[in-house]
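Per-entry structural report
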Amino acid sequence: MRIAVVLGVIAAPLLALAGCSLSGGSSAVVDDNRLLQAASHPDEWVTHGGTYAEQRFSQLDQINAQNVGQLGLAWSAEFDTNRGQEATPIVVDGVLYTTTAWSKVYAFDAATGRQLWRFDPEVPGGRGFSACCDVVNRGVAVYGGKVFVGTLDGRLIAIDAKTGQQVWSTVTVDQSKPYTITGAPRIVKGRVLIGNGGAEYGVRGYVSAYDANNGSLVWRFYTVPPGPNQPADNAVSDPEIARMRATWAGDWSRFGGGGTVWDAIVYDPDFNQILIGVGNGSPWNQRIRSEGRGDNLFLSSVVALDADTGRYRWHYQGTPGETWDFTQTQPIILADLNIERQPRKVMMQAPKNGFFYVIDRSNGHLISARNFVPQTWTTGVDMATGRPIETPNARYTDGSFLAMPSALGAHNWHPMAFSPDTGLVYLPAQEVPFAYSNDAAFAGREGGWNVGIDFLSNAVPDDPSTLRAVRAMLKGQLIAWDPIRQREVWRVQYDGPWNGGVLATHGGLVFQGNAHGGFQAFDARTGAKLWSFDAGTGIIAPPISYRIGDTQYIAVMAGYGGAFPLSSGLVDNPRPMPNGRLLVFKLGGNTPYRVEQIENPPAVRVTSSFTAAQVERGRQLFETNCGVCHGAGAMSSGVLPDLRRRPSINDAATFKSIVIDGALQDNGMISFARYFSAQDAEAIRGYIASRAASLARQEGAGGGAAAAPPARR
Ligand code: CA
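These figures come from a predicted structure and were not determined experimentally.

Attention now moves to the state of the cysteines. Throughout the structure, instances matching the rule amount to 1 disulfide. At a sulfur-sulfur separation of 2.2 Å, the disulfide partner of Cys-132 is Cys-133. Taking the sign of the torsion about the S-S bond as the criterion, the disulfide between Cys-132 and Cys-133, at about -100 degrees, is left-handed. With a relative accessible area of 19%, Cys-132 lands in the buried category. Among the cysteines around Cys-626, which has no disulfide bond, Cys-629 carries the closest sulfur, lying 9.1 Å off.

The following block contains the structure:
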């Protein structure tokens, strides 16, 4: 055992040298030891969170608090899509592997930026409709000479790391259902672990383990039970079905129940277990999903599974009977902490519900929980039971409830980091209120947006001053959190949510990009801003660090997108997003960089006329069906085209060809013929036209509509 570990330590640098001499991609023969010993090889970033502990802490210190002011661009690459960029790059043997929106994979020489290969899984554009939160991808896994990616249409693909050619591909979901994959695969003992998303539409969650050699399924764990009259799954979760079912009511299987494992999947070698973060219920509204009753296991939980068999070990459910889209999929960090003079092996997580949890990994017992942003749905956790204490009407059973945090989360997927040097967790937090009310008219639409919440009560006001007031309620912050004392140490306050993931380094630095495109370095102990770079487009992805030869690099994907920008135009100065980029920095880097800003075309001068009844009908349809991607109130943040500025709203035939006939299907805008009649589409056009007229008045625009920029995928 010890010999094998030592060999792993020696072999890795040799392989790194070998990789440098290759003209194509690398050999990338990552094995189990190399993954286990990742902390001893800070030159690489070999797995999603840096190491199996996923602390996102780099032990490199060439770039430090004294010299970070000299950090500059080494190289950059531009991609072919302006949709959100969420990936964590992987660096092994001198090659950087990353993914972009639409599940495309790239390999670059990590020192020079030369593109080695590109792999496009050719995800059908229409699948974008099933992606609640943009057509994003959070990265690859690398192992045994292969690069693994989960695609938006539910495939798991193995790619030859050297050539970029597909080795095998397996479909991991029922593709007739609205499943998507956006998360990064993880490698555990020769198996590739992958989950999926879709719990806004009506799916049932699970995590699967595939043989890395050939893509055959080894085990699958379902996170919610089969329906009350359905047979067992013949899966490793079968022994838990009875106790899961005891926590559900009615027929929860109609919309799948939810519980998708769409992000956190963490291997814990200390206990040979896999910790998975489980998502929200489907529909969100528990009254519809489970007659308003029961804890609904394992929604909104962390579940520990045996790493060999996939069998259940323990769970902790942060939000029993979830009814607010409070996923507990958020990134999980493993650490050894001294708590009350006892060394404890813990996991730390800050899920959407606003609690920072420290949990004993040996048995799943809650050690501590504290809110890191204001909460209106709870007054705290009862430490005797580990359950949250809910406030009156938090479940919106008696009219609307203004919840904070809400569906966008006090913290979403944007990774946090932990520095063993400072003992602090660096957490990208946010404050986004949302008014929940029961959708009394909910009937459900197969394959469509099915959350059981009345979105009309979150209508975006028209007049600019109210809009500014709503905008001012949205906040974001980088919080340095002491997980032992459960308290904030310092914070950087932003004037909006949805800022980037975080990297901490042994150089005493914390790196984070933000929604406004500032890529910044902060002093890890004080939060003082030490360096900043204007990326020219919002950053949501987490940075990484690696070293080639004597040079330390910092890399980050830039490109704004995801759930908040799609569903809300409440951002500063919204305009069409440029294409995404990969930015790589080093000390003394001075590569020129410029991102051309794309100006908004003017609001369309409306030439069609509509009845008030049509506009109102269109408002209801739009806000319930369209706003989650095109922005509430038809206000775009710039990721998707701002419909108020598209000339097609003046042309009934063109508009119908898009909404009913699916003319822009390849961009992700499917035909809505199964949900809307032609009359409905015309009513929606009327509502967008009314919003365009209002915008035109605000802009004082008298001229006709200019040509819009081309629709981009
Ligand atoms: Ca969700």
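Picking up after the structure, the text goes on.
Contact geometry for helix H7 (residues 612–630) and helix H9 (residues 678–699): axes closest at 7 Å, N-to-C directions at 95 degrees. Relative to H9, H7 is oriented roughly perpendicular. Of the residues in H9, those in contact with Gln-614, Val-615, Arg-617, Gly-618, Arg-619, Leu-621, Phe-622, Glu-623 and Cys-626 of H7 are Asp-680, Glu-682, Ala-683, Ile-684, Gly-686, Tyr-687, Ile-688 and Ser-690.

Annotation of the protein at the domain level lists domain 1 (32–226 + 244–374 + 394–587) and domain 2 (612–699). Distance from the C-alpha centre of domain 1 to the C-alpha centre of domain 2: 30 Å. With 34 residues of domain 1 at the interface, the matching set in domain 2 holds 29 residues. Between domain 1 and domain 2, a total of about 2600 Å² is buried, with carbon and sulfur atoms accounting for 58% of that surface. It is Phe-129, Leu-456 and Leu-566 in domain 1 that bury the most area against domain 2; as a group they hold 23% of the surface buried on that side. The tally of links from domain 1 across to domain 2 stands at 0 salt bridges. Counting across the domain 1 and domain 2 interface gives 12 residue pairs in polar contact (both at pLDDT 80 or more). The set of elements that each furnish at least two residues to the side of domain 1 that touches domain 2 consists of helix H5 (464–473) and helix H6 (563–567). It is H6 that contributes the most residues to the side of domain 1 that touches domain 2, 3 residues altogether.

Moving on: the pairing of strand E36 (residues 529–534). With 5 bridges joining them, strand E35 (residues 518–523) and E36 adopt antiparallel strand pairing. Residue pairing in the sheet places Gly-518 in a bridge with Asp-534 of E36. Connecting E35 to the antiparallel partner E36 that follows it, the hairpin turn spans 5 residues, and Gly-527 within it adopts a positive phi of roughly 85 degrees.

Residue Pro-283 is bonded to the preceding Ser-282 through a cis peptide linkage, with omega at -5 degrees. For Pro-283, the position within the fold is in the loop between strand E18 (281–282) and helix H4 (286–290). The step from Leu-297 to Phe-298 runs through a cis peptide bond, and the omega angle for that step is 0 degrees. Structurally, Phe-298 is set in the loop between H4 and strand E19 (301–306). Of note in this structure, Asn-272 is not a glycine but carries a positive phi near 45 degrees. In this structure, Arg-341 takes a positive phi of about 65 degrees despite not being glycine.

Following both chains from N to C, one finds helix H8 (residues 652–659) and H9 inclined at 115 degrees, their axes separated by 10 Å at the closest point. Note on packing geometry: the crossing formed by H8 with H9 is right-handed. Touching Ala-652, Phe-655, Lys-656 and Val-659 of H8 are Ala-678, Ala-681, Glu-682, Ile-684, Arg-685 and Ile-688, all from H9. Broken down by class, the residue content of the contact of H8 with H9 amounts to 7 nonpolar, no polar and 3 charged.

This brings us to the coordination of the calcium ion. Within the protein, Glu-200 (OE), Glu-200 (OE), Asn-280 (OD1) and Asp-325 (OD) serve as the donor atoms for the calcium ion, at 2.4 to 3.0 Å. Taken in sequence order, the residues that donate to the calcium ion follow the motif E-x79-N-x44-D. You can see Asn-280 sitting in the loop between strand E17 (273–277) and E18 and its partner Asp-325 sitting in the loop between strand E20 (312–317) and strand E21 (332–339), a full 45 residues away along the chain. For Asp-325, a relative accessible area of 5% gives the class buried.

Of all the positions in H8, only Phe-655, Ile-658 and Val-659 are classed as buried. Along the axis of H8, the buried positions cluster into a sector of 85 degrees, meaning they face one direction only. Of the surrounding elements, those touching the buried residues of H8 are H9.

Calculation notes
- Residue positions are counted from 1 within each chain, in the order its sequence is given.
- Local features are withheld for residues below a pLDDT of 70 in this predicted model, meaning they are given only at 70 or higher, and side-chain atom pairs are given and counted only at 80 or more; totals for whole chains, interfaces and linings count all residues.
- Each side-chain value is worked out from all heavy atoms of the structure, with water and hydrogens disregarded.
- Note on terminology: disulfide denotes any pair of cysteine sulfur atoms within 2.5 Å.
- Between buried and exposed lies partly exposed: a residue is buried under 20% and exposed over 50% of the maximum accessible area for its type, with that area taken using a 1.4 Å probe on protein chains only.
- What counts as an axis is a line fitted to C-alpha atoms, over the stretch in contact for a helix, and the angles between N-to-C directions run from 0 to 180 degrees.
- Numbered from the N terminus, helices here are DSSP runs of H or I no shorter than four residues, and strands are runs of E no shorter than two.
- Geometric relationships in this document are graded by angle, where less than 35 degrees denotes roughly parallel, more than 145 denotes roughly antiparallel, 65 to 115 denotes roughly perpendicular, and other angles denote oblique.
- Contacts are assigned to residue pairs with any non-hydrogen atoms lying within 4.5 Å of each other.
- Delimitation of the domains relies on an automatic or database domain assignment.
- A quick way to say it: buried area is the sum, across both parts, of accessible area lost when two parts are put together, with a 1.4 Å probe.
- Any Lys or Arg side-chain nitrogen found within 4 Å of a carboxyl oxygen on Asp or Glu counts as a salt bridge.
- Under the rule applied, a polar contact is a pair of N or O atoms within 3.5 Å (in protein, one hydrogen donor and one hydrogen acceptor; residues adjacent in sequence only if both atoms are side-chain atoms).
- Pairing between strands is defined by DSSP: at least two bridges between the two strands are required.
- Left-handed describes a crossing whose near helix is turned anticlockwise from the far helix by less than a right angle; the clockwise case is right-handed.
- In the scheme used here, Gly and all other residues not listed as nonpolar or charged are polar, with Ala, Val, Leu, Ile, Met, Phe, Trp, Tyr, Cys and Pro taken as nonpolar and Asp, Glu, Lys and Arg as charged.
- Metal-coordinating donors are taken as N, O and S atoms lying within 2.8 Å of the metal, or within 3.2 Å when the metal is Na, K or Ca; because water is left out, some sites can appear incomplete.
- Directions drawn from the helix axis to the C-beta atoms are what define this arc.

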